Amino acid sequence: MLQRFLQLLGIHEDVLKHMDRAELVFQRGEVLWIGAVLLLPLAWMVYRRQKLNLHTVPKWLLFTLCVTRVSILTLLFVVLSGPYLRIDHKYERKPIVAFLFDNSQSMRLPAGPFETDEEFADGARAIGAIKEETPSSSATIAPKDNLTSSETKRAEESLPTPIVVDADTRTTLNRIRRAELSQTAVRVASDKLLKPLGDKFDVRYLTFARDVEPFVFDPAKSDPQLPDVNSGPSSWLGSVIQYVVEEAAGQKIAGLVLFSDGQNTGGRSPAEAARSAAQVGAPIFAVPVGSPKRLQDVSIVDLYTTGQVSIGDTVRVAVTLESHGFNKRPVKVELKDGETVLDTKELVLLGTEQQQTELIFEAKEAGDKYLTVNVPAFPEEAEELRANNSDLAFVRVSDEKLKVLLIDGLPRWDFRFLKNDIRRDNGIKGRTGDEPEVLAEAEWRRMSKDDQTAKLPATAKDLSEYHTIVLGDASPDILHDDFRKALIEAVRDKGVGLIVEAGPRFMPQMYDREFQSLLPVVLKNNADNGIEAPAYKPFKIEITQEGLLHESLRLHDDPGRNVQVWSQMPTYFWAAAIERPSPAAIVLARNPSIENRWGKQPLIAYQFAGKGKVAFLGMDATYLWRQNVGDRFFYKFWGQMLRFVGRTEDGSEKKESRLLVRPVRVQPGESAEIELFAFTADGQPRTDATLKVSTLGPTGSQMVELVADKFVKGRFTGKFSPKETGEHRVLYQPNDSPKTVEGKLRVMPSSEELRDPNLNRPLLETLASTTGGKVISIADLASLPELFKGEPMLIEVHREASIWDNWFTLLLITMIYALDVGLRRLSGLS
Amino acid sequence: MRHLGVRCISTALDLFIGLARCDSSRCRRTNPRRCLHTALQSFVAVVLFAASAHAQSKSPAATPTTAAPLTEQKVIERVTASVDRSLEYLASKQKPDGSWDDCNAGNALTILAMLGRGHVPGRGQYKEVLQKGRKYLLKTQREDGLFHSRRQAGAGPMYEHGLSTLATAELYGMDPDPDVEEKLRRAVQVIVKAQSPNGGWRYNPRPGDHDLSVSVMQIVALRAANNAEIPVPEEIIEKAAKYVRYCAHPNGGYGYQGPAQGAQTSAAGVVSLQLLGKYDDPSVPKTLDLLAKFPVEWSANSIQYWYYFHYYAIQANYQAGGKYWNDWHPRVRELLLDKQNADGSWDVPGGTAENAGVVGPNNIYWTGMASLILEVYMHFLPAYQR
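The residue count restarts for each chain, going from 1 along the sequence in the order it is written. Just so you know, chain letters begin at A and ligand numbers begin at 1, following the order they were written in. Local features in this predicted model are restricted to residues whose pLDDT is 70 or higher, and side-chain atom pairs enter the listing and the counts only when it is 80 or higher, whereas totals over whole chains, interfaces and linings include all residues. Hydrogens are left out, water is left out, and the side-chain values use all remaining heavy atoms of the structure.

As for the overall build of chain A
- Helix and strand assignments come from DSSP, with helices taken as H or I runs of at least 4 residues and strands as E runs of at least 2, each series counted from the N terminus. Counting its secondary structure elements, chain A contains 23 helices and 38 strands.
- Relative to the globule expectation of 28 Å for 830 residues, the C-alpha radius of gyration of chain A, 36 Å, shows a markedly less compact shape.
- When its C-alpha atoms are laid out on the principal axes, chain A stretches across 115 × 110 × 60 Å.
- Contacts are residue-level and defined by heavy atoms, with any inter-residue pair within 4.5 Å sufficient. Excluding contacts between residues fewer than 6 apart, the proportion of contacts in chain A whose partners are at least 24 apart in sequence is 75%.
- Accessible areas in this description were obtained via Shrake-Rupley with a 1.4 Å probe; residue shielding takes into account the shown protein chains only. Surface accessibility of chain A: about 37700 Å² in total, with carbon and sulfur atoms responsible for 51%.
- Working convention for charge: Lys and Arg count positive, Asp and Glu count negative, and His plus the chain ends are omitted. Here the site of a charge means atom NZ of a Lys, CZ of an Arg, CG of an Asp or CD of a Glu. Taken together, the 104 basic and 114 acidic charged side chains of chain A have centroids lying 6 Å from each other. Our radius of gyration is a C-alpha quantity, and the globule rule it is checked against amounts to 2.2 Å times the number of residues to the power 0.38.

Right under this line is the structure:
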């Protein structure tokens, strides 16, 4: 009864289950006392007043109405005194033992090859297929002249008894998948492994690839129980360890048992996660699954293209190969567009040394191209490993040339590298000639006035002819008032794209509010020449979730590699004095070293300013992204950003709907962004709050709702996460037009997973040693229970639960009021 | 929930007061609306209790990640660590006046070595080292624009002038000192005026004689200045290219003052044509094939100026790319990494002409050169952008 009452008051069942004692306490006891003192006189006053006013009513009615009034008064005093329950409850907290099953693509490879008898014996023991020891006659010692027959017999008896693994078991072992072996081993050992754990520990089962998924493991079932983790075939070991530590939320972890081949292709660093686990005293017991013997394999370990080219360009696809077990074997590397072979190169493989080659072709027609690079598999390569013999490269061939203007103050390195790159980019030209217009203020100042005017377009009409304008750290002398007015008009009214790269001398702190209002950032008050990092603590760049999806920051088609690339970018020492992003800004990258009440300092951001896109870079050292790779990442970023912000409309053309999907390639389960510019039949931007598009995958379709951008009319955005591999089409069918607008997306599993498919025992050993755990043989799981340390803890918790701010009290008040009003009405008093 | 509870209290109070008022029949007749209002108040609490707060979720940062590194990452780490140690050594040898050596070749090479690792004046670990070094270098420029050293490496100042101009050109734009721009322009003018009629340069800043070993340094300096948007007459460029071709041997290679196949000048010749934009000159691949035959070893052997040769040879192969780069750079890299001293400096193989008496003391020249050779992996110096 009490428990029911407490439940009514909103006390959680879990608390009630463990409740020891509940005590009623008042926050303001004095109010209760005052109420107790005043209640009688007040009740008397109520009664007197009622009697005076309602002298014609029956006594019972008078009495009832008095009671209702006094009840409400009483309730008021009680509520004002702040009653609450002080609840003590105890519960048992068992230490956690988590079994982590790696279920990534590499775990679907065979657990073998097993070669030695000992390896077979361990494997057989693990799957419960071990035979009983054979009679000792099979263990013999050749008779020797100086040994008697009894001595020989004693010697033989001291020999370790050999384990016989029959041929069928050997075959089974050489075929069993790594993930299956892990699960089977746990099932076989369940009596000695799982049963002893049940009482003392909170046993949890988790499977992981990229994401982590808890599941229920039933040792009685022999069927595969590991659910498919819907996150693609990546292996994020560090992330699953971190997940367990975070989910424990202070609960002791007696051990993490990790069944894995030690391959890690993304997510949190395993070493860092292991340190976190060590800090909370959570040992990792690593169970290596897989063979350390390098499998015979040829794999494509890296693939790179510029991504965006123009018709007539020579497209270069740089391929890096790695091989093992095929030394001095010739191999042909092919570049294909569908079934058409574009180029081939021959190589002679050299052991495990990486080799590079470049495949080329001329871009003849516009469009998106998904090119395949393929190395025909050798017969000796395992079937499962042949997936790493090919990879996909994406190239967008454009028939348009972007007109670009680049202006900077001094010729800083970013300017020098960029100007050379855009001059070499066949997809970029100038307003007046084949080369983009490039202007360094230092040289401009030395020109005659006439030449200065000629070199610097300063009317809105001239500036509107550009697709993209890039401004560096130039002074208000060259970017004078007239220029800026014209620029603002060109951006807002004509949709010209603008990229502003900050600098310590002028940009953007020396410019007026009108110019700064174009930018997707807000400067600090009295911002002077930026913020310098101390030598011992340089700034880093951190990519946001939007940045990871964004085409301009996609330096690698593989998302895991993309994250890795950005996380390894060199540090830098200067950032613009930015306070916060503008309200309409999309922040693509941040400076995590500087944080205020608006969050981390935005470093790369963009927004729509009228019709145009404006991107801002708050650092002036993107040349640092050239470290070790040259133009590869530097110009991939700049080339993509130039095109992203570039004006896409020609004022003379009728506005037509268009749809973009970004990025063009994702892994299963990864998010892709849909951007739709929707216009009516007469060219007006659509004003719906939402629009629907359909996505067609290899086996099915779904609808995705896009939400209108409140800052840009006609722009709609949304996200979807395709799970099936293959080509997906995103279609928008306007109501008032038969023409469907389409975008494409290719979904492919991570090519990282099978690049190095062998057992990475050193990583597993590191995880174990860092955390005070051990590496355990898969045949020896029964030894685990005694390694888990920890006792269930009895936790006493004191809680306070308010008992007046709940439905019950409200209902009571309402019922009393209703009774009062009801009686009055029925009696004709109201 | 607490604020909702307070509303509950106030609602109850209102109810009570309202009910008290409603007792009066006169009140009921004259204020029917008040009674209705009172009745409606009872529903207010229901609505208030149904309210709930929603926390606005912020877009989280991308999860920081350090996935399994690329296989060549280990190579990158070794090179980076080696260069960092060498710069520490060089920084430690800077004199109070900002110089490292009485010869500006050493000063310029050290500044270039620091820039080549991505350090710039005014920022980071070596900001003051670079600022002092820059100040010293600029101070050595004469009124006529020539960078003048207290000690000359060759028979005249043009070796050092070429290197000093290159260093100043790379500093330009990354250092706000307006002196840098002005002095760079004057230094470029010295080079322009000193070009001989047949396109080459020699030890002294006047047109006349010529040799490829000095010429390459002026060519690189001019390329760097041109890259910094300082105009260099097209005629100068074409004459320089013509001169280099004049030194080309028909079977590959370039000579000191005419066709030959010397190691140093062959490397210098290839780099000269490449940086002059003549990547497709037929003498280039022939010379690269010739260079590939020179041994990469820690001895003078057929290479009299060991660091000079390797400084240009690695650039030549880098600019060419492909099999030339693939075959050349690992051997040079491993050799240099192996020969670095514990203090971060390098020595020179015995028997070369680049002894301390020629190139200066304290291993400055050797260490600066070795750093620049390894820094080809960094891709920071704009003058050498492929």
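So that's the structure; there's more coming.
With respect to unusual backbone geometry
Residue and element names in this part refer to chain A.
- Of the consecutive residues methionine 507 and proline 508, the connecting peptide bond is found in the cis state with omega at -5°.
- Among the secondary structure elements, proline 508 is positioned in the loop between strand 20 (497–501) and helix 18 (513–516).
- You will see that alanine 249, though not glycine, has its phi angle at about 45°, which is positive.
- Its place among the elements puts alanine 249 in the loop between helix 11 (237–248) and strand 6 (253–260).

Considerations on the sheet that holds strand 13 (residues 355–362) of chain A
All names here are of chain A.
- Should DSSP find at least two bridges between two strands, the strands are taken to pair. Read across the open sheet, the 3 strands follow the order 8-10-13; overall the sheet is antiparallel. In this open sheet, the two strands that pair with only one neighbour each are strand 8 (297–304) and strand 13. Within the sheet, the average angular offset between the axes of one strand and its neighbour, ignoring direction, is 30°.
- Sheet topology places strand 8 next to strand 10 (residues 314–324); 7 bridges connect them, and they run antiparallel. Bridged to isoleucine 300 within strand 10 is leucine 321. Under this scheme, a helix contributes an axis fitted over its contacting stretch, all axes are lines through C-alpha atoms, and angles between N-to-C directions fall in the 0 to 180 degree range.

A few points about the environment of Val188(A)
Residues and elements named next belong to chain A.
- Along the chain, valine 188 turns up in helix 8 (residues 178–188).
- Note on exposure labels: buried denotes an accessible area under 20% of the residue type's maximum, exposed denotes more than 50%, and partly exposed covers the range between, all computed with a 1.4 Å probe on protein chains only. Since its relative accessible area comes to 36%, valine 188 is described here as partly exposed.
- Separated by 594 residues in the primary sequence, valine 188 and alanine 782 have C-alpha atoms spaced 9.8 Å apart.
- If we skip the residues at most four places from it in the chain, valine 188 touches Arg125, Ala126, Ile127 and Gly128.

Focus: empty space enclosed by the protein
- Definitions used for this entry: grid spacing 1 Å over protein atoms alone; cavity, a set of points where a 1.4 Å probe fits but cannot get out; pocket, an open set with protein on both sides within 12 Å along at least 5 of 7 lines; lining residue, one with an atom within 4 Å of a point. Grid points are joined across faces, edges and corners, and a volume is the space filled by probe spheres set on the points. Counted by the stated rule, this structure contains 8 cavities of 30 Å³ or more.
- A volume near 120 Å³ is recorded for the largest cavity.
- Taken together, Arg626(A), Tyr311(B), Gln315(B), Tyr318(B), Leu372(B), Glu375(B), Val376(B), His379(B), Phe380(B), Leu381(B), Tyr384(B) and Gln385(B) form the lining of the largest cavity.
- Among the elements that take part in the lining of the largest cavity, helix 13 (residues 306–320) of chain B stands out by supplying 3 residues, more than any other.
- Residues that form the lining of the largest cavity fall into these classes: 7 nonpolar, 3 polar and 2 charged. Here the nonpolar group is Ala, Val, Leu, Ile, Met, Phe, Trp, Tyr, Cys and Pro; Asp, Glu, Lys and Arg are the charged ones; every other residue, Gly included, is treated as polar.

Examining the sheet that holds strand 11 (residues 330–337) of chain A
All names here are of chain A.
- Taken in spatial order, the 5 strands make up an open sheet running 9-15-14-11-12, and their pairing is mixed. Here the strands that pair on one side only, and so sit at the sheet edges, are strand 9 (308–310) and strand 12 (340–348). The average undirected angle you get between the axes of adjacent strands in this sheet is 25°.

With respect to the packing of helix 5 (residues 104–116) of chain B against helix 6 (residues 127–139) of chain B
Residues and elements named next belong to chain B.
- Put simply, helix 5 and helix 6 touch, their axes get as near as 10 Å, and they point 145° apart. Here helix 5 and helix 6 pass one another in a crossing that is left-handed. Two secondary-structure elements touch here, helix 5 through Asn104, Asn107, Ile111 and Met114 and helix 6 through Val129, Leu130, Gly133, Arg134, Tyr136 and Leu137.
- Tallied by class, residues from the contact of helix 5 with helix 6 come to 6 nonpolar, 3 polar and 1 charged. Note: crossing handedness is left-handed where the near helix turns anticlockwise from the far helix by less than a right angle, and right-handed where it turns clockwise.

What about the pattern of salt bridges?
- What counts as a salt bridge is simple: a side-chain nitrogen of Lys or Arg found within 4 Å of a carboxyl oxygen of Asp or Glu. Per the counting criterion, the structure on display carries 62 salt bridges over all chains.
- A salt bridge links Asp191(A) to Lys195(A); the nearest nitrogen and oxygen atoms lie 2.8 Å apart.
- A relative accessible area of 59% means that Lys195(A) is categorised as exposed.
- For Arg245(B), the salt bridge identified is with Asp281(B), shortest N-O distance 2.4 Å.

Focus: the nonpolar core
- Residues Ile407(A), Leu471(A), Ile541(A), Trp201(B), Tyr307(B) and Tyr312(B) are the most contacted members of the largest nonpolar core, which totals 206 residues.
- Put simply, a nonpolar core is a bunch of buried Ala, Val, Leu, Ile, Met, Phe, Trp, Tyr and Cys residues held in one set by side-chain atoms that sit within 4.5 Å of each other. Counting 36 residues, the second largest nonpolar core, distinct from the first, contains Phe114(A), Tyr205(A), Phe285(A) and Leu784(A).

Things to note about a nonpolar patch on the surface
Residue and element names in this part refer to chain A.
- Together, Phe5, Phe808 and Leu812 give the surface a local cluster of nonpolar side chains, amounting to about 220 Å² of exposed area.
- Structurally, the position occupied by phenylalanine 808 is in helix 23 (residues 807–826).
- Exposure remark for phenylalanine 808: the relative accessible area of 31% places this residue in the partly exposed category. The patches reported here contain residues having more than 30% relative accessible area and no salt bridge. Joining distances are 9 Å for like charges and 5 Å for nonpolar side chains (Val, Leu, Ile, Met, Phe, Trp, Tyr).

Here's the deal with helix 22 (residues 761–771) of chain A
Residues and elements named next belong to chain A.
- Within the span of helix 22, buried status applies to Leu763, Leu764, Leu767, Ala768 and Thr771. What you see down the axis of helix 22 is that its buried residues fit within an arc of 135°, all on one side. Seen from the open side of helix 22, the exposed residues pointing more than 90 degrees away from its buried face are Pro762 and Ser769.
- In this structure, the buried residues of helix 22 make contact with helix 11, strand 6, helix 12 (270–279), strand 7 (284–288) and strand 37 (774–775). Taken from the helix axis, the directions to the C-beta atoms give the arc we talk about.

Coordinates in, geometry out; function isn't part of it.
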